[in-house]
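Spelled out, the chains give:
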Amino acid sequence: MMGLGWNEKNNISPLLGKPPPRTPFFVTHPRLTNLLFLLAYMGVGLMVFSLVEGCQPETALYMVAQIVTTIGYGDAVKVTHHTQTFMALYVLFGTLLFVNLATDLFHTLLERTQIGIDHTLALVQAGLSGKESEVNESHIERYPLLVASSTFLAILALWVAFFAYYESCTCSYESDFVPGCIEGPDCAKTGGYQTDIHGAFYMAVITFSTVGFGDVAPKSKLGRTVGSVGMMVGVAAFGTLVGELFRRLKAIKFRYRKLQLCTPQMFEMMDSEQNGKVSRSEFLRYMLIRQGKVSLEAIQQIDTLFDTLDKDHNGKLSFEEIEGHMLD
């Protein structure tokens, strides 16, 4: 901004003649905004399920968790006619919220990939200067895939252990109560819902992957409370693991690309002016493409845009030439 003569005291640019627009809160604090939206969304759902549908608190939380994670077991609550319109809108908004949260997670993983790519440039520079050992790697998590997989497996193990033990047999309650069922030693004999370690594992995978067939689901009060938290944490952990797997695959592909030597053919690619020398701008363009920061097609489009804006064809752009054209 200093190159444009930015007036920091008055927060006004002499070229633009007006102060810059204020950045909205949701732009400067996207994750906090997402969290506030999520809490507000869950709060509304809890009130409707509890006060309007008459659900017990753990059932209300259980249903909201299903909607937020898009699992949708299809059990526990039969939405009454007078709340169907609200629930339709609530589910639509919840889907948008889930997609927004998933997109935020994707961009976080993308930023981690970008940090790794940037770090390779630092390693090259350090190698040239003989200071490779001084490159600081503390800002890069060394084992992100291990952390993601360990977290997911821990949540998976806790889910399986809880439901295989605590819900080995239950009569459930409310609309899912089994008539004539007796809790305790006679639960299985009187037709209670039974779960073993295989069923608990199956339920965990179906839940964390957001498939939610509905053939198996938490049935007890405590099970639905634990399941509400577990499904949200599990879906997030599973999404992170999948993202880290793709990030690792991308890093492997990028590593093989870097193994290419500087051949005459590669030098010719850098030398876009074909004069036998590579200028700073040509080297910059090549490295941006090589590091995966921009595509060759994007560079070509930028060149075309530059030629279009350069009305006097002098190879340089004035403010008058770009004014009003760089707002999109």
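The residue numbering used here restarts from 1 in each chain and proceeds along that chain's sequence as written. Residue-level local features of this predicted model are given only where pLDDT is at least 70; pairs of side-chain atoms are given and counted only at 80 or more, and the full residue set underlies all totals for whole chains, interfaces and linings. As a convention, hydrogens and water are excluded, and side-chain values are obtained from all of the structure's heavy atoms.

## Examining the overall build of the protein chain
Step number 1: Counting secondary structure elements, the protein chain contains eleven helices and two strands.
Step number 2: Every helix listed is a DSSP run of H or I at least four residues long, and every strand listed is a run of E at least two residues long, numbered separately from the N terminus. Counted from the first residue to the last, the protein chain has its helices and strands arranged as α-α-α-α-α-β-β-α-α-α-α-α-α.
Step number 3: With a 1.4 Å probe rolled over the protein chains alone, any residue whose accessible area is under 20% of its type maximum counts as buried; one over 50% counts as exposed, and the rest are partly exposed. Of all 328 residues assigned to the protein chain, the portion counted as buried reaches 30%.
Step number 4: For the protein chain, restricting intrachain contacts to residue pairs at least 6 apart in sequence, the fraction spanning at least 24 positions comes to 62%. Contacts are assigned to residue pairs with any non-hydrogen atoms lying within 4.5 Å of each other.

## Notes on unusual backbone geometry
Step number 1: Within the chain, Thr70 stands out as a residue other than glycine whose phi angle is a positive 60°.
Step number 2: Along the polypeptide, Thr70 turns up in the loop between helix H3 (57-68) and helix H4 (84-129).
Step number 3: Residue classification places Thr70 among the partly exposed residues on the basis of a relative accessible area of 32%.
Step number 4: Even without being glycine, His313 reaches a positive phi, approximately 55°.
Step number 5: Position of His313 relative to the elements: it lies in the loop between helix H10 (296-309) and helix H11 (319-322).
Step number 6: Given the relative accessible area of 66%, His313 is considered exposed.

## Re the state of the cysteines
What makes a disulfide is a covalent bond joining the sulfur atoms belonging to two cysteines.
Step number 1: Any pair of cysteine sulfurs within 2.5 Å is marked as a disulfide. Overall, the coordinates contain two disulfides when judged by the stated rule.
Step number 2: At a sulfur-sulfur separation of 2.1 Å, the disulfide partner of Cys169 is Cys187. Handedness here is read from the sign of the S-S torsion; for Cys169 and Cys187, about -85°, the answer is left-handed. Placement of the pair is Cys169 in strand E1 (residues 169-170) and Cys187 in the loop between E1 and strand E2 (193-194), with a sequence separation of 18 residues.
Step number 3: With a sulfur-sulfur separation of 1.9 Å, Cys171 is cross-linked through a disulfide to Cys181. Classification of the bridge connecting Cys171 and Cys181 rests on its S-S torsion, roughly -70°, and on that basis the disulfide is left-handed. Here Cys171 is found in the loop between E1 and E2, whereas its partner Cys181 is found in the loop between E1 and E2, with ten residues between them in sequence. Here Cys171 matches Cys181 in class, with each residue buried.

## What to know about a nonpolar patch on the surface
Step number 1: Patch definition: residues above 30% relative accessible area lacking any salt bridge, with like charges linked at up to 9 Å and the nonpolar side chains Val, Leu, Ile, Met, Phe, Trp and Tyr linked at up to 5 Å. For every accessible area listed, the method is Shrake-Rupley and the probe measures 1.4 Å; residues are considered covered only by the protein chains on display. Salt bridges are defined as contacts in which a side-chain nitrogen from Lys or Arg sits within 4 Å of a carboxyl oxygen from Asp or Glu. A grouping of Phe25, Leu32, Leu35, Leu36 and Leu39 is seen on the molecular surface, where their side chains present a nonpolar patch of about 460 Å² in accessible area.
Step number 2: At four residues, helix H2 (residues 30-52) tops the list of elements feeding residues into the nonpolar patch.
Step number 3: Tracing the backbone shows Phe25 in helix H1 (residues 25-28).

## Description of the packing of aromatic side chains
Step number 1: Centre distance within 6.5 Å is the pairing criterion for rings of Phe, Tyr and Trp, where only the six-membered ring of Trp is used; planes under 30 degrees apart are then read as stacked, over 60 as edge-to-face, and the remainder as tilted. The tally for this structure, following the rule as stated, stands at ten aromatic pairs.
Step number 2: An aromatic cluster is built from Phe152, Trp159, Phe162, Phe163, Tyr166, Phe208 and Phe238, whose rings are joined through pairwise contacts.
Step number 3: In our convention, an over-ring charge means Lys NZ or Arg CZ found within 6 Å of a ring centre and within 35 degrees of that ring's normal. The ring of Tyr173 is capped by Lys221, whose NZ or CZ atom sits 5.6 Å from the centre of that ring.

## Concerning the packing of helix H5 (residues 144-165) against helix H6 (residues 197-208)
Step number 1: Note on method: axes are straight lines fitted to C-alpha atoms, helices fitted across the in-contact stretch only, with angles between N-to-C directions ranging 0 to 180 degrees. Contact pair H5 / H6: the axes reach a minimum separation of 8 Å and the direction vectors enclose 135°. When the axis of H5 is compared with that of H6, the two are oblique. Note on packing geometry: the crossing formed by H5 with H6 is right-handed. Facing Phe152, Ile155, Leu156, Trp159, Val160, Phe163 and Ala164 of H5, the residues of H6 in contact are Ile197, Ala200, Phe201, Met203, Ala204, Thr207 and Phe208. Note that the term roughly parallel is reserved for angles under 35 degrees, roughly antiparallel for angles over 145, roughly perpendicular for angles of 65 to 115, and oblique for everything else. By the definition used in this description, the sense in which the near helix is turned from the far one sets the handedness, with an anticlockwise turn below a right angle giving left-handed and a clockwise turn giving right-handed.

## Side note on the UniProt feature "transmembrane region" (unreviewed entry) in the protein chain
Step number 1: The residues that UniProt annotates with the feature "transmembrane region" (unreviewed entry) are residues 32-52, 87-106, 145-166 and 226-246.
Step number 2: A helix fraction of 100% and a strand fraction of 0% characterise residues 226-246, whose end C-alpha atoms lie 30 Å from each other. UniProt positions are given in the numbering used here, feature names are shortened, and annotations may be inferred rather than shown by experiment.

## A word on the nonpolar core
Step number 1: Phe49, Tyr73, Trp159 and Phe208 are the most contacted members of the largest nonpolar core, which has 35 residues in total.
Step number 2: Counting only elements with at least two residues in this core, the list comes to H2, H3, H4, H5, H6 and helix H7 (221-258).
Step number 3: In terms of residue count, the dominant contributor to this core is H5 (nine residues).
Step number 4: In this structure Tyr73 touches Tyr62, Gln66, Trp159, Met203, Thr207, Gly212, Phe213, Gly214, Val216, Ala217, Pro218 and Met231, once residues within four positions along its chain are discounted.
Step number 5: Nonpolar cores are built from buried Ala, Val, Leu, Ile, Met, Phe, Trp, Tyr and Cys residues. Side-chain atoms within 4.5 Å join them into one set. Listed in part, the five residues of the second largest apolar core include Cys169, Cys171, Val178 and Cys181.

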